[in-house]
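Spelled out, the chains give:
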Amino acid sequence: MQLVVGRIGRAHGIKGEVSVEVRTDEPELRLAPGAVLATDPAATGPLTIATGRVHSGRLMLRFEGVSDRNGAEALRGTMLIAEVDPEQTPEDPEEFYDHQLIDLDVVTVDGREVGRITEVSHLPYQDLLVVARTGGGEVLVPFVMEIVPEIDLDAQRAVIDPPPGLLDEADAQVASAQADADADADADAEVEAGEGAGAGAENAARDEGDASGAGDARRESDGA
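Residues numbered from 1 in each chain as written. Predicted model: local features only at pLDDT ≥ 70, side-chain atom pairs only at ≥ 80, totals over all residues. Heavy atoms only, no water.

**Structural notes on the sheet that holds strand S2 (residues 17-22)**
Pairing is antiparallel in the closed barrel, where six strands are placed in the order S1-S2-S5-S4-S3-S6. Each strand of the sheet is rotated relative to its neighbour by a mean of 50°, with strand direction disregarded. Two strands pair when backbone bridges link them, and S2 and strand S5 (residues 58-63) are joined in this way by four bridges, in the antiparallel orientation. Directly across from Glu-17, in S5, lies its bridge partner Arg-62. (Pairing = 2+ DSSP bridges. Helix = DSSP H or I, 4+ residues; strand = E, 2+ residues; numbered from the N terminus. Axes fitted to C-alpha atoms, helices over the stretch in contact; angles between N-to-C directions.)

This is the structure we're talking about:
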């Protein structure tokens with residue numbers, strides 16, 4: 001089957017090199033020199049990678065037959081597509097191909113049905129699962145272990161532990177109210193602690209003239 005592994009960006013330099021937005025967890029395999037890639041639009045390809053390097057955190061590729069900036073600019077926006085065995089899986093057990101995730105049922109850790117994964121959105125710093133809600137609409141779920149603790153390919157299910165507000169606005173409001181209440185309680189405690197410290201200082205100052213009283217006041221203060 002075919003998987004999108006990259007998107008060609010702007011030209012770099014004058015010798016046909018282009019920047020590439022990587023959309024695969026295995027660029028060293030899918031985007032290595034010698035790889036032959038299909039394209040979208042199809043008329044642009046196939047493209048054979050001639051050279052590859054990383055520059056300022058971005059992957060730079062040059063393709064066979066593209067030797068100048070004009071040729072590189074003509075490729076801008078082209079999607080790069082690799083042919084992948086549908087039975088193949090990534091080496092890392094915590095990585096998944098997009099086609100493995102699409103159509104998985106999504107439920108919460110307490111068994112509540114959420115919907116179905118329709119797309120995997122690859123952003124520069126995070127992947128998002130696009131989930132079509134059972135009751136209509138969609139939700140974007142960050143694909144991180146804390147929020148998606150389980151992917152069960154055999155059961156065709158993704159289990160999520162959504163933070164307040166990800167699925168329900170009411171949950172977000174409750175969480176916000178609780179956070180406000182906690183903050184108020186902390187502020188009250190700080191005020192009480194400050195008042196207590198002030199009373200102790202006043203007592204100690206008053207008792208300086210009385211030797212017996214001064215000893216008791218310091219001991220209580222030390223104990224507090």
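Next comes the rest of the write-up.
**Side note on the pattern of salt bridges**
With the rule as written, the count across this model stands at six salt bridges. Ionic pairing is found between Asp-103 and Arg-116, a salt bridge with its closest N-O pair at 2.6 Å. A residue pair is termed long-range when its members are at least 10 positions apart, and Asp-103 in the loop between helix H3 (98-101) and strand S7 (105-108) and Arg-116 in strand S8 (residues 113-122) qualify at 13 residues. Judged by its relative accessible area of 42%, Asp-103 falls in the partly exposed class. Taking relative accessible area as the criterion, Arg-116 reaches 35% and is therefore assigned partly exposed. Between Glu-150 and Arg-157 there is a salt bridge, with its nearest N and O atoms 3.6 Å apart. Take Glu-150: its relative accessible area is 33%, and that puts it in the partly exposed class. (Salt bridge = Lys/Arg side-chain N within 4 Å of Asp/Glu carboxyl O. Buried < 20%, exposed > 50% of the residue type's maximum accessible area, 1.4 Å probe, protein only.)

**Examining the sheet that holds strand S12 (residues 157-160)**
Taken together, six strands build an open sheet; the order of strands is S10-S9-S8-S7-S12-S11 and the sheet is mixed. Each edge of the open sheet carries a strand with a single partner, namely strand S10 (138-142) and strand S11 (150-152). Direction aside, the axes of adjacent strands within the sheet are offset by 35° on average. Inspection of the sheet shows S8 paired to strand S9 (residues 127-133) by seven bridges, in the antiparallel sense. Each residue of the ladder has a partner; that of Ser-121, found in S9, is Leu-128.

**Examining the side chain of Gln-100**
Inspection of the secondary structure assignment puts Gln-100 in helix H3. Residue classification places Gln-100 among the buried positions, given a relative accessible area of 12%. Among the polar contacts made by the side chain of Gln-100, one reaches the main-chain amide nitrogen of Tyr-97 at a distance of 2.8 Å. Among all residues touching Gln-100, those that are not within four sequence positions of it are Thr-89, Pro-90 and Leu-153. (Polar contact = N/O pair within 3.5 Å; in protein donor to acceptor, adjacent residues only side chain to side chain. Contact = heavy atoms within 4.5 Å.)

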